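Per-entry structural report
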Amino acid sequence: MNCLLCNSIVIEKYHSQIDREWYFCLECASVFVPNHILPSFKKEKRRYQLHENNPTDIGFQKFVSPLAQTIKNTIPEKHTGLDFGSGTGSAVGKLVREAGYNLFEYDPFFKANRSVLDSAYDFIICCEVIEHFHHPLKEFELLYSLLKPGASLFSMTNLLPERSEFPIWYYKNDLTHVLFYSIENLEWIKKKVGFSGLKIEGRVITLTK
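Residues numbered from 1 in each chain as written. Predicted model: local features only at pLDDT ≥ 70, side-chain atom pairs only at ≥ 80, totals over all residues. Heavy atoms only, no water.

Notes on the overall build of the protein
Helices and strands together make up the secondary structure of the protein, namely five helices and 10 strands. Each principal axis of the C-alpha atoms in the protein carries an extent, and together these give about 45 × 35 × 30 Å. Counting the 209 residues in the protein, one finds 50% classified as buried. Contacts in the protein between residues far apart in sequence, at least 24 positions, make up 62% of those at least 6 positions apart. Carbon and sulfur atoms make up 51% of the accessible area of the protein, which amounts to about 10,200 Å² in all. Computed over 24 positive and 24 negative side-chain charges, the inter-centroid distance for the protein is 3 Å. (Helix = DSSP H or I, 4+ residues; strand = E, 2+ residues; numbered from the N terminus. Buried < 20%, exposed > 50% of the residue type's maximum accessible area, 1.4 Å probe, protein only. Contact = heavy atoms within 4.5 Å. Areas by Shrake-Rupley, 256 points an atom, 1.4 Å probe, with all protein chains shown as cover. Lys, Arg positive; Asp, Glu negative; His and termini not counted. Charge placed at Lys NZ, Arg CZ, Asp CG, Glu CD.)

In structure tokens:
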């Protein structure tokens, strides 16, 4: 068995329950599910179709507002970004567009227009996306390649809690959440991929090229 992020075999059991198990990587400090229980493409898509991601929902907009605000505080208006993993409807995309930015969308399940992956962007958004990556290093390398020099990747996810809190952590119970992030494995990603900067503010993670 190998780490989902760094492919190391230096891993140990982290937690298990009836239907799932998680491992800890001693090389990059990732907590992840093993390859053999990763959900299939069809199972993932069915799960995402159950999401009530209405971009006009005020509660959902409030949930993603820290991410939108970070972008507005960092990137000048009229710049162009990519909403990577935009799903069936993107509340953060709506907020960013309303703030005066140009925004393209890509989602492998619902908006798989790969032509948008042929451009470079002033910023990229990954809102509640990176915890779903089955090949996280490959995905971060792709996102890095899509950023202009000095541009930033803005992600939102729930960071890994203390180990004692993991058994009751609701976020792990979504079968499409397969790898969790902390300062340790984000620093590993920064160094391995080549990002120049990392900033963590609550659930918002900024990686700068």
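Examining the state of the cysteines
For the structure on display, the rule yields zero disulfides. In this model Cys 3 remains outside any disulfide bridge; the closest cysteine sulfur is found in Cys 28, 3.6 Å from its own. Residue class for Cys 3 comes out buried when judged on its relative accessible area of 3%. Unpaired in terms of disulfides, Cys 25 finds its nearest cysteine sulfur in Cys 6, a separation of 3.5 Å. (Disulfide = S-S within 2.5 Å.)

Quick word on the side chain of Thr 157
Mapped onto the elements of the fold, Thr 157 is located in the loop between β7 (147-156) and β8 (179-180). Given the relative accessible area of 0%, Thr 157 is considered buried. Each residue touching Thr 157, except ones within four places of it in the same chain, is listed here: Glu 128, Ile 130, Glu 131, Tyr 171, Tyr 181, Arg 203 and Ile 205.

Regarding the pairing of strand β9 (residues 197-201)
Consecutive side chains of a regular strand alternate in pointing toward one face of the sheet and then the other. Pairing of β9 with strand β10 (residues 204-208) involves five bridges; the strand directions are antiparallel. Directly across from Leu 198, in β10, lies its bridge partner Leu 207. What sits between the antiparallel neighbours β9 and β10 is a turn of two residues, in which Gly 202 has the positive phi angle 65°. (Pairing = 2+ DSSP bridges.)

Honestly, that's just the spatial picture; any functional story needs more than this.
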